[in-house]
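# Fold and geometry: a report
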Amino acid sequence: MFVVLLKPAAARARAGDFLAGHKAWLEQGLADGVFALWGSLKPDGGGAILVRGLDRAALMARIAEDPFVSGGVVTPEVIEIAPARAEPRLDFLLGDA
């Protein structure tokens, strides 16, 4: 399982130019069953995505397809988590260990 941090980058002012594509990219990840959750980073902007069911190589390829990444709006940082225990409603996340 991974947490992907999308940190504001040099071209952050151009986010509007890439917003529709970025949203479509997020929705595709949800539809594909690999993005479990996403949201904004507070207070400085950017975003975070909880990713499951991909290996690092497949995740990096998917990240490269994000228009915000290719457009220089954000810089991705990938953090890998080896889930060990979860609250019972989140047990489905343990399968990524």
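Please refer to the structure placed before this passage.
All of these numbers come straight from a predicted model, not from anything done at the bench.

### Quick word on the overall build of the protein chain
Along its length, the protein chain carries 3 helices and 4 strands. Overall, the protein chain shows an N-to-C arrangement of helices and strands of β-α-β-β-α-α-β. Against the compact-globule benchmark of 13 Å for 97 residues, the protein chain has a radius of gyration of 14 Å, which places it among compact chains. The dimensions of the protein chain, computed from C-alpha atoms along their principal axes, are 40 × 25 × 20 Å. Residues counted as buried form 33% of the 97 residues belonging to the protein chain. Put simply, the protein chain has 10 plus and 12 minus side-chain charges, and the middle of one group is 5 Å from the middle of the other.

### Some remarks on unusual backbone geometry
A cis amide bond, omega 5 degrees, links K42 with the succeeding residue P43. Relative to the helices and strands, P43 resides in the loop between β2 (35-40) and β3 (47-51).

### Details of the packing of aromatic side chains
Evaluation of the coordinates by the stated rule reveals 1 aromatic pair. Where W25 meets F35, the ring centres are 5.1 Å apart and the plane angle is 65 degrees; that geometry is what we call edge-to-face. Of this pair, W25 sits in helix α1 (residues 15-31) while F35 sits in strand β2, and the two are 10 residues apart along the sequence. Both residues of the pair, W25 and F35, count as buried. It is R62 that lies over the ring of F35; its NZ or CZ is 5.8 Å from the centre.

### Overview of the sheet that holds strand β1 (residues 2-8)
Reading across the sheet, the 4 strands line up as β2-β3-β1-β4 and stay open at both edges, with antiparallel pairing between neighbours. A single partner strand is all that each edge strand has here, and the edge strands are β2 and β4 (74-80). Between one strand axis and the next, the sheet turns by 15 degrees as a mean value, whatever way the strands run. Note that β2 and β3 share 5 bridges and pair antiparallel. Within β3, the residue paired with L37 across the bridge is L50. Its contacts with the sheet place α1 against β1, β2 and β3, and it is angled at close to 150 degrees to β2. Sitting on the sheet, helix α2 (residues 56-64) touches β1, β2, β3 and β4, and the angle it makes with β4 is about 165 degrees.

### Digging into the pairing of β1
The side chains of a regular strand alternate between both faces of the sheet. Sheet analysis places β1 next to β3, joined by 5 bridges and oriented antiparallel. Paired with L6 across the bridge in β3 is G47. As paired elements, β1 and β4 share 7 bridges and run antiparallel to each other. Paired with V3 across the two strands is I79, which belongs to β4.

Definitions and cut-offs
Residues numbered from 1 in each chain as written. Predicted model: local features only at pLDDT ≥ 70, side-chain atom pairs only at ≥ 80, totals over all residues. Heavy atoms only, no water. Helix = DSSP H or I, 4+ residues; strand = E, 2+ residues; numbered from the N terminus. Rg over C-alpha atoms; globule rule 2.2 N^0.38 Å. Buried < 20%, exposed > 50% of the residue type's maximum accessible area, 1.4 Å probe, protein only. Lys, Arg positive; Asp, Glu negative; His and termini not counted. Charge placed at Lys NZ, Arg CZ, Asp CG, Glu CD. Phe/Tyr/Trp six-rings, centres within 6.5 Å; stacked < 30°, edge-to-face > 60°. Lys NZ or Arg CZ within 6 Å of the ring centre and 35° of its normal. Pairing = 2+ DSSP bridges. Axes fitted to C-alpha atoms, helices over the stretch in contact; angles between N-to-C directions. Contact = heavy atoms within 4.5 Å.

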